[in-house]
Amino acid sequence: SIWYPGHVQKAKRQLKENLKKVDIVVVVLDARAPVATTSFELKIFKDKKVIILLNKSDLANEELNKEWQKEISKYFPVILVNKNTDRRNIIRLIKSVPVKSPNPRIVVVGVPNVGKSTIINKIIGRHKAKTGAQPGVTRGVQWIMVDGFTVLDSPGILFSEVFSKDIAAKLLLIGSVPVENVTDEIYNRAFAIYAEVANVGEDMDIYLRNFGKQRGFLKKGGEVDIERAKNLFFKELSEGKFGRFTYDVDISKFEEVL
Ligand code: GTP
C-alpha cells in the first residue's frame, strides 16, 4: 500500500537485524496519541525489555498525561518526557531495568517524528561520536558507550501495520505522516478529532477559509488559497501552536494494542 514503500521494508529489516544484539528497547510514543503511535508493534519486542517514553508531553493535555502514564505503567516502566527533560531521568529509567548483561545494549524506536533523534542525542550527550572524520565515507550505525550501557546512535523506525483511518488521522494531527500522503477523508477525520478535543464549532472549510484569510493566503482572484491554509494549519497544529491537545482520550484502548 501507499504506506509501505521500499524504504519501509528496508528499515524493518535493519531494525530486526539490530534487535538481535539488543537488551533494552526504548519505545518513544507521542503523549498526544499513545495508542496511534504504538499501533500493534510492541509485539516484535516480545523477548526484550521494553521501556516507554511518552514524549512531547509539553504539547499534550496535562491531566491526560498523568492518566496515560498511570495506565501504561501497568505494563511497562514509563515516564513523561519532552525536549527539556533532564537526561538523568531517562538514564535512571534505563538503569532501573533488570538485565543479565553487565553492559546492556539499547536501541531507541518509534514512528516517524516522535522525537527519537532528540532522545538519542540527549542520552548520548557528551559521549557523542565524532562525525565526518573521513570525507566521502558514509558513516554506518555506531554503538556508543554511555555510562553503564551502550546505545545505537540511529533510531529504529516503526510503521503501523494495522492502519485504521482513525490512526492515520491522529498521526496527521501529531505530524507523523507527511501532509502530501493524506487523503481528503483523513483530513476531514483529523479535523473532526481536533474540533472535538479543542471545542471548535465550525466545520473545516469555514475554519480554513478564515485561517487562510487571517494569514493573507489569497489567490489571484482574491479567493482564499485553501490548500495552502490547510497545509499550514495542520503543520502548526502538530507543532503545538494552537495549544496542548491529546487526541487519544480512551485510556482503555492501550491494552488492545499490546
Ligand atoms: P524521524 O527521523 O523523522 O523519524 O524523527 P525523530 O523521531 O527522530 O524525531 P526528531 O528527534 O527529529 O524530532 C522531530 C521534531 O519534533 C523536531 O522538530 C524536534 O525539535 C521536535 N521535538 C522532539 N521532541 C520534542 C518535545 O518533547 N517537544 C516538542 N515540542 N517538540 C519536540
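Source: prediction; values computed, not measured.

1. Regarding the overall build of the protein chain
Working step 1: When helices and strands are tallied, the protein chain shows nine helices and seven strands.
Working step 2: On the principal axes, the C-alpha backbone points of the protein chain span a range of 65 × 50 × 35 Å.
Working step 3: Taking all 258 residues of the protein chain together, the buried fraction comes to 46%.
Working step 4: Put simply, of all contacts in the protein chain between residues at least 6 apart along the chain, 71% involve residues at least 24 apart.

2. Quick word on the pattern of salt bridges
Working step 1: Following the criterion strictly, the structure yields 15 salt bridges and no others.
Working step 2: The partner of Lys165 in a salt bridge is Glu185, with the nearest N and O atoms 3.8 Å apart. Of this pair, Lys165 sits in helix α5 (residues 165-173) while Glu185 sits in helix α6 (residues 184-198), and the two are 20 residues apart along the sequence.
Working step 3: Residue class for Glu185 comes out partly exposed when judged on its relative accessible area of 43%.
Working step 4: Shared partners join several salt bridges into a network, and the residues in it are Asp166, Lys170 and Asp248.

3. Structural notes on the domain arrangement of the protein chain
Working step 1: In terms of domains, the protein chain is made up of domain 1 (6-161) and domain 2 (165-238).
Working step 2: Here the C-alpha centre of domain 2 lies 30 Å away from the C-alpha centre of domain 1.
Working step 3: Contacts between the two partners involve 11 residues from domain 1, matched on the other side by nine residues from domain 2.
Working step 4: For the domain 1 and domain 2 pair, buried surface summed over both sides reaches about 690 Å², with 60% attributable to carbon and sulfur atoms.
Working step 5: Here domain 1 and domain 2 share four residue pairs in polar contact (both at pLDDT 80 or more) between them.
Working step 6: A breakdown of the residues in the side of domain 1 that touches domain 2 according to their chemical character gives five nonpolar, four polar and two charged.

4. What about the pairing of strand β6 (residues 149-152)?
Working step 1: Of the two faces of β6, the one lined by Phe149 and Val151 and the one lined by Thr150 and Leu152 are each fully buried.
Working step 2: Strand direction decides the pairing type here: strand β4 (residues 105-110) and β6, joined by two bridges, are parallel. Its bridge partner lying in β6, Ile106 is registered against Val151.
Working step 3: With four bridges connecting them, strand β5 (residues 143-146) and β6 associate as antiparallel partners. Counterpart to Ile144 in the pairing with β6 is Val151.
Working step 4: Linkage of β5 to β6, two consecutive antiparallel strands, is achieved through a turn of two residues, within which Gly148 is found at a positive phi near 95 degrees.

5. Concerning the environment of Asp153
Working step 1: Here Asp153 is to be found in the loop between β6 and β7 (156-157).
Working step 2: A sequence separation of 36 residues divides Asp153 from Ser117, and the C-alpha atoms of the two residues are 8.5 Å apart.

6. Remarks on the site of the ligand
Working step 1: The environment of the ligand is made up of 13 residues, and the closest members are Asp58, Lys83, Lys116, Ser117 and Thr118.
Working step 2: Within the backbone of Asn113, an N or O atom sits 3.2 Å from an oxygen atom of the ligand.
Working step 3: With respect to the ligand, the backbone of Gly115 contributes an N or O atom lying 3.0 Å from an oxygen atom.
Working step 4: In isolation the ligand has 660 Å² of accessible area, and contact with the protein removes 71% of it.
Working step 5: A total of three residues in the shell around the ligand trace back to one element, the largest contributor, which is helix α4 (residues 116-124).
Working step 6: Partitioned by chemical class, the residues of the shell around the ligand number three nonpolar, six polar and four charged.

Thresholds applied
- Residues numbered from 1 in each chain as written.
- Predicted model: local features only at pLDDT ≥ 70, side-chain atom pairs only at ≥ 80, totals over all residues.
- Heavy atoms only, no water.
- Helix = DSSP H or I, 4+ residues; strand = E, 2+ residues; numbered from the N terminus.
- Buried < 20%, exposed > 50% of the residue type's maximum accessible area, 1.4 Å probe, protein only.
- Contact = heavy atoms within 4.5 Å.
- Salt bridge = Lys/Arg side-chain N within 4 Å of Asp/Glu carboxyl O.
- Domains from an automatic or database assignment.
- Buried area = accessible area lost by both parts, 1.4 Å probe.
- Polar contact = N/O pair within 3.5 Å; in protein donor to acceptor, adjacent residues only side chain to side chain.
- Nonpolar A, V, L, I, M, F, W, Y, C, P; charged D, E, K, R; others polar.
- Pairing = 2+ DSSP bridges.
- Near = heavy atom within 4 Å.
- Areas by Shrake-Rupley, 256 points an atom, 1.4 Å probe, with all protein chains shown as cover.

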